[in-house]
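Architecture at a glance
If you want the building blocks of each chain, they are given just below.
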Amino acid sequence: MEINSLTSAVVFLSSNTNDYGTPTSRSQLKTSLAAEFSTLGMHYASGHGMAKALLGL
């Protein structure tokens, strides 16, 4: 099974930066989750504007 074969971008959007963001950069995904997201070809956005940019909208 090929995991990273998405045909469109996937963005996980959450303003819950306490659980998902790093202490120094709330818009950066925690290291423990970043590896999982990368394997799946996903991106993290902490706000709507960031999500739209990642999706190219």
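Above this text sits the structure in question.
Residues numbered from 1 in each chain as written. Predicted model: local features only at pLDDT ≥ 70, side-chain atom pairs only at ≥ 80, totals over all residues. Heavy atoms only, no water.

Per the secondary structure count, the protein chain includes 3 helices and 2 strands. Helices and strands in the protein chain line up, N terminus first, as β-α-α-β-α. Sequence-distant contacts, at least 24 apart, represent 54% of the contacts inside the protein chain between residues at least 6 apart. For the protein chain, the exposed area adds up to about 4,200 Å²; of that, 53% sits on carbon and sulfur atoms. (Helix = DSSP H or I, 4+ residues; strand = E, 2+ residues; numbered from the N terminus. Contact = heavy atoms within 4.5 Å. Areas by Shrake-Rupley, 256 points an atom, 1.4 Å probe, with all protein chains shown as cover.)

Moving on to the environment of Ser15. Residue placement: Ser15 occurs in the loop between strand E1 (10–13) and helix H1 (17–20). Put simply, Ser15 and Ser27 are 12 residues apart on the chain and 9.0 Å apart in space, counted from C-alpha to C-alpha.

Here we come to the side chain of Thr17. Considering the arrangement of structural elements, one finds Thr17 in helix H1. Those residues within four positions of Thr17 in sequence are excluded, and the remaining contacts are Arg26, Tyr44 and Ser46.

For the structure on display, the rule yields 4 aromatic pairs. Arranged with centres 5.0 Å apart and planes meeting at 70 degrees, the rings of Phe12 and Tyr20 form a pair that is edge-to-face. Relative accessible area serves as the criterion here: at 25%, Tyr20 is assigned to the partly exposed category. Measuring from centroid to centroid gives 6.3 Å for Tyr20 and Tyr44, while their planes differ by 45 degrees, and the two rings are tilted. With Tyr20 in helix H1 and Tyr44 in strand E2 (residues 42–45), the pair connects residues that are 24 residues apart, well separated along the chain. The exposure class assigned to Tyr44 is buried, which follows from its relative accessible area of 6%. An aromatic cluster is present here, built from Phe12, Tyr20, Phe37 and Tyr44 joined pairwise through their rings. (Phe/Tyr/Trp six-rings, centres within 6.5 Å; stacked < 30°, edge-to-face > 60°. Buried < 20%, exposed > 50% of the residue type's maximum accessible area, 1.4 Å probe, protein only.)

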